[in-house]
Amino acid sequence: MKKITQKILTKLPIRYNMTGLISVILLFIYGVVGSILIMKLNLIDSIYYSVITMATVGYGDYTPHTGIQKIFATTLAIGGVGLLAYVFNVILTNVQEKMSKYSKGARKMQAIKNMDNYYIICGFGRVGKVVFKELESRNQNIIIIEKDEEICKTVEESSNVVVINKDAIENDFIAKLANEKCRSVIICTGNDVDNLFIVLTIRETNPDAWIVTRASKLENIKRLKKAGADKIVSPEIIGGQDLYFQSTKPHLLRITVKHTVKQLYDEFEIIIKHGCSLENIDYHIPGIETPLTREIKTMNLEDGKRYQNFLTTHDKQRHSLENLYKSVNNIHSHLISGPDKNSFDKLIEDLEEIEEIIGINLTNKEIAEITRKEIE
């Protein structure tokens, strides 16, 4: 019952403000006309009598004597009390609701102000949710902009997740957020026209913003590209997961190295030290272009410690891993995501001190040529 009452009160200000005002005016007209016809008062006295009766002041200047006069006075007084109480309740609820929204909005804006290196997701449909999970699993700062209030309520906010209930195409709000603190804007709405408008809005004021957008129709890819999108992704082709990788394209590094199992934890420690995430490992069989890929997806040092302890206490598994390393002549590649190019430069510098770096962002074909020479 409490929830139902609360829901009704929340909707009253929006739906019935005008209804309440019209009802008060109609009751006042009823009072004036009734006072003239039933109470036999002139116009000025009728207005006066209607006001004091509706407000239940009742100075006693005019007293109803006949039955019809008493019924009229009673209905006017009851109607006045009920309607005035209703109107005041509506106004009060409206003020409380607006104050609550203002306070909540102010807290959200302060949280965004304190954020650095955040991602913006426009649209929280099926694709947006997949992108959100990818970002959340890597502990990224995320701002979600979604026009559907009910969908917004389904997202749990935290210190690094802020949900804004706005339509991204209505104003330049998103353009203000896509500043130098923003890593990437990921546009996931299912409407290509909306996506195009958002891209234009952002690009107009933020020429350096990294924009990744969804294209529901393949024929709109060229239009979105011309509008200023850096990457256009069709979920029909590669899906929501790759939206994340495309959005971090300026901050993805594939580094091909050569080291033994003994250096595994030291390497992992350096990756985490620079705020990077190890996405996967490619083991390169000598002379073969297609590598064996192992998905990792972690930026947690505790994962590395647990795995190190596991290898220390399980000889059979350690020997298996050592044999894998030997079979590829200790050559493998890491796909690493990170905050910026500067972090990658420091990461490479530190890795050079503990292992041999064969190359940066080499293709599988180039690596195959290198590994072929290793066995010749």
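Right above here is the structure, for reference.
Parameters and conventions
Residues numbered from 1 in each chain as written. Predicted model: local features only at pLDDT ≥ 70, side-chain atom pairs only at ≥ 80, totals over all residues. Heavy atoms only, no water. Helix = DSSP H or I, 4+ residues; strand = E, 2+ residues; numbered from the N terminus. Buried < 20%, exposed > 50% of the residue type's maximum accessible area, 1.4 Å probe, protein only. Contact = heavy atoms within 4.5 Å. Areas by Shrake-Rupley, 256 points an atom, 1.4 Å probe, with all protein chains shown as cover. Pairing = 2+ DSSP bridges. Axes fitted to C-alpha atoms, helices over the stretch in contact; angles between N-to-C directions. Expected span 1.5 Å × (residues − 1). Arc of directions from axis to C-beta. Patch = residues over 30% accessible without salt bridge, like charges linked within 9 Å, V, L, I, M, F, W, Y side chains within 5 Å. Salt bridge = Lys/Arg side-chain N within 4 Å of Asp/Glu carboxyl O. Parallel < 35°, antiparallel > 145°, perpendicular 65-115°, else oblique. Nonpolar A, V, L, I, M, F, W, Y, C, P; charged D, E, K, R; others polar.

I'd like to hear about the overall build of the protein chain, residue by residue, with values.
Each helix and strand in the protein chain was counted, giving 14 helices and eleven strands. Classification of the 376 residues of the protein chain by burial places 41% in the buried group. Long-range contacts, defined here as pairs at least 24 residues apart, represent 66% of the contacts in the protein chain between residues at least 6 apart. For the protein chain, the computed accessible surface area is about 21300 Å², with 57% contributed by carbon and sulfur atoms.

Pulling in residues and values, what's your account of the sheet that holds strand S6 (residues 231-233)?
One open sheet accounts for six strands, arranged S3-S2-S1-S4-S5-S6; its pairing is parallel. Of all the strands in the sheet, just strand S3 (161-164) and S6 have a single pairing partner and so form its edges. The sheet shows a mean angle of 15° between the axes of neighbouring strands, taken without regard to direction. In this structure, strand S1 (residues 118-122) lies alongside strand S2 (residues 141-145), joined through five bridges in parallel fashion. Within the sheet, the bridge partner assigned to Tyr118 lies in S2 and is Asn141. The strands touched by helix H4 (residues 126-137) within the sheet are S1, S2, S3, strand S4 (182-187) and strand S5 (211-214), with S1 carrying the most contacts at an inclination of about 165°. Together, S1, S4 and S5 form the strand contacts of helix H7 (residues 192-205), whose direction differs from that of S5 by roughly 170°.

Provide a residue-level description of helix H14 (residues 364-375), including the pertinent values.
For H14, spanning twelve residues, the distance from its first C-alpha to its last is 17 Å, which sits close to the expected 16 Å at 1.5 Å a residue. Among all positions of H14, only Ile367, Ala368 and Thr371 are buried. Within H14, the buried residues cover an arc of 105° as seen down the axis, which keeps them to one side. Relative to its buried face, H14 has exposed residues pointing more than 90 degrees away, namely Lys365 and Lys373. Residues of H14 that are buried in the fold lie against strand S7 (252-258) and strand S10 (331-337).

I'd like to hear about a nonpolar patch on the surface, residue by residue, with values.
Taken together, the side chains of Met18, Leu21, Ile22, Ile25, Leu26, Ile29, Val33, Ile36, Leu37, Leu43, Ile47 and Val51 make up a nonpolar region of the molecular surface, amounting to roughly 1100 Å² of accessible area. Sorting the residues of the nonpolar patch by element identifies helix H1 (2-37) and helix H2 (43-54) as the ones contributing at least two each. By residue number, the principal contributor to the nonpolar patch is H1, which donates nine residues. Counting through the fold element by element, Leu43 comes out in helix H2.

Go over the pattern of salt bridges, please, and point to the residues and values.
Under the defined criterion, the tally for this structure stands at twelve salt bridges. For Arg203, the salt bridge goes to Asp230, with nearest N and O atoms at 3.0 Å. Placement of Arg203 in helix H7 and of Asp230 in the loop between helix H8 (221-227) and S6 is noted, with a sequence separation of 27 residues between them. Of the charged contacts in the structure, one is a salt bridge between Lys273 and Asp350, with a shortest N-O distance of 3.2 Å. Residue Lys273 is located in helix H10 (residues 264-273), and its partner Asp350 is located in helix H13 (residues 341-351); the two are separated by 77 residues in the primary sequence. What emerges from the salt-bridge pattern is a single network uniting Glu134, Arg138 and Glu279.

Kindly report on the packing of H10 against helix H11 (residues 301-313), identifying the contributing residues and their values.
The contact between H10 and H11 brings their axes to 10 Å, and the two run at 175°. When the axis of H10 is compared with that of H11, the two are roughly antiparallel. Here Leu264, Tyr265, Phe268, Glu269 and Ile272 of H10 come into contact with H11, specifically with Leu301, Gly304, Lys305, Tyr307, Gln308 and Leu311. Taken together, the residues that form the contact of H10 with H11 break down as seven nonpolar, two polar and two charged.

Requested: an account of H7, with residues and values cited.
With 14 residues, H7 should reach 20 Å at 1.5 Å per residue; the first-to-last C-alpha distance of 21 Å fits that figure. Buried within H7 we find Asp192, Asp194, Asn195, Ile198, Val199, Thr201, Ile202 and Arg203. Against S1, helix H6 (173-177), S4, S5 and H8 lie the buried residues of H7.

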